[in-house]
Amino acid sequence: MSEPRVIKKYPNRRLYDTVESRYITLADIRRLVMDKVDFVVIDKKSQEDITRSILLQVIAEQEHQGEPLMSQDFLSQVIRSYGGAMQTFVGSYLEQSLKLLASQQQQFRDSFRATGSGDAFDSITALTQKNLERWRAIQEDIFRAMSGGSVSPGSRPKERDEDLPDESREKRV
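What counts and how
Residues numbered from 1 in each chain as written. Predicted model: local features only at pLDDT ≥ 70, side-chain atom pairs only at ≥ 80, totals over all residues. Heavy atoms only, no water. Helix = DSSP H or I, 4+ residues; strand = E, 2+ residues; numbered from the N terminus. Buried < 20%, exposed > 50% of the residue type's maximum accessible area, 1.4 Å probe, protein only. Contact = heavy atoms within 4.5 Å. Areas by Shrake-Rupley, 256 points an atom, 1.4 Å probe, with all protein chains shown as cover. Pairing = 2+ DSSP bridges. Core = buried A, V, L, I, M, F, W, Y, C linked by side-chain atoms within 4.5 Å. Axes fitted to C-alpha atoms, helices over the stretch in contact; angles between N-to-C directions. Parallel < 35°, antiparallel > 145°, perpendicular 65-115°, else oblique. Nonpolar A, V, L, I, M, F, W, Y, C, P; charged D, E, K, R; others polar. pLDDT = per-residue confidence, 0-100.

A.B. asks: Break down the overall build of the chain for me, with residues and values.
C.D. replies: On a plain count of helices and strands, the chain comes out with six helices and four strands. For the chain, the sequential pattern of α-helices and β-strands runs β-β-β-α-β-α-α-α-α-α. Residues counted as buried form 20% of the 173 residues belonging to the chain. A fraction of 42% describes how many contacts in the chain between residues 6 or more apart in sequence connect residues 24 or more apart. Taken as a whole, the chain presents about 13000 Å² of accessible surface, with 55% of it coming from carbon and sulfur.

A.B. asks: Would you mind going over the pairing of strand 4 (residues 39-43) in detail, with residue names and values included?
C.D. replies: Burial runs high along strand 4: five of the five residues are buried. Across five bridges, the pairing between strand 1 (residues 5-9) and strand 4 is parallel. Of the residues in strand 4, the one forming a bridge with Arg5 is Phe39.

A.B. asks: Give me the pairing of strand 1: which residues, what numbers.
C.D. replies: Residues Arg5, Ile7 and Lys9 of strand 1 are buried on one face, while the alternating residues Val6 and Lys8, pointing to the opposite face, are not. Pairing geometry for strand 1 and strand 2 (residues 15-17), over three bridges, is antiparallel. Bridge pairing in strand 2 places Ile7 opposite Asp17. The hairpin formed by strand 1 and strand 2 contains five residues between the paired strands, and Arg13 there has a positive phi angle of roughly 75°.

A.B. asks: Now, about the nonpolar core: what can you tell me, with residues and values included?
C.D. replies: Formed by Ile7, Leu15, Ile24, Leu26, Ile29, Leu32, Phe39, Val41, Ile50, Ile54 and Val58, the largest nonpolar core amounts to eleven residues. For this core, the secondary structure elements donating two or more residues are helix 1 (26-34), strand 4 and helix 2 (51-64). Top element by residues in this core is helix 1. It accounts for three residues.

A.B. asks: Got a sec to walk through the environment of Ile54? Specific residues and values, please.
C.D. replies: Position of Ile54 among the secondary structure elements: in helix 2. Look at Ile54 and you get buried, because its relative accessible area is 1%. Note: C-alpha distance between Ile54 and Leu15 (39 residues apart in sequence) is 9.8 Å. The contacts of Ile54, once residues within four sequence positions are left out, are Lys9, Leu15, Leu26, Ile29 and Val41.

A.B. asks: Can you lay out the packing of helix 1 against helix 2 for me, pointing to particular residues and giving the numbers?
C.D. replies: Where helix 1 contacts helix 2, the axes come no closer than 10 Å and their chain directions differ by 105°. Relative to helix 2, the element helix 1 is oriented roughly perpendicular. Contact residues: helix 1 offers Leu26, Ala27, Ile29, Arg30 and Val33, while helix 2 offers Ile54, Leu55, Gln57, Val58, Glu61 and Gln62. Of the residues belonging to the contact of helix 1 with helix 2, the class tally is seven nonpolar, two polar and two charged.

A.B. asks: Account for the confidence of the model for the chain, with residues named and values stated.
C.D. replies: Of the residues in the chain, 77% have a pLDDT of 70 or more, and the chain-wide mean is 80. Counting contacts from residues 151-160, a segment whose pLDDT is below 50, to residues more than four positions away or on other chains yields 17 contacts. Across residues 167-173 the pLDDT falls below 50, and counting only partners more than four positions away or on other chains, this stretch makes ten contacts in the model.

A.B. asks: Hey, could you go over the sheet that holds strand 3 (residues 22-24) for me, with residue numbers and the actual values?
C.D. replies: Pairing in this open sheet of four strands is mixed, and the strands run 3-2-1-4 from one edge to the other. In this open sheet, the two edge strands, each paired with only one partner strand, are strand 3 and strand 4. Going across the sheet, the axis of each strand differs from the next one's by a mean of 35°, ignoring polarity. Most of the contacts of helix 2 go to strand 4, to which it runs at about 105°, and overall it touches strand 1, strand 2 and strand 4.

Written out as structure tokens, the structure reads:
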């Protein structure tokens, strides 16, 4: 794997892309993220890795423009999570949730392409069922980690009929 692209942040707050040999903006940083370019932002004065700080600035800029992605309540909940016993759990939970969402979106695109213009409802239903099973497995792993591993690996919370799709409910009856 190649070394990440180095972006230097100078004391005048300007960002310098060492690969392109030019100053860049937060919009350029966003473009690197969207293009999945591996990079690191280094403070020129302290040599500290400040990549996370810069990414948070990109998020703040995006939230300020147009329709925000995160509600005020969500942001308040995130802030409340800092410093508590659940901080690591919350970060991991949010990260895994976003990874699952991205995976679901890709599966839906792939499924829709594979079926052409076929029955989109059937594709969505099947994908939703798979995702529900994945989500429950992730929740089980998280619960197991929170409880110190006292939950046995095969045990899942009992499904309630109202949580199941109509087809599954009919099979259980």
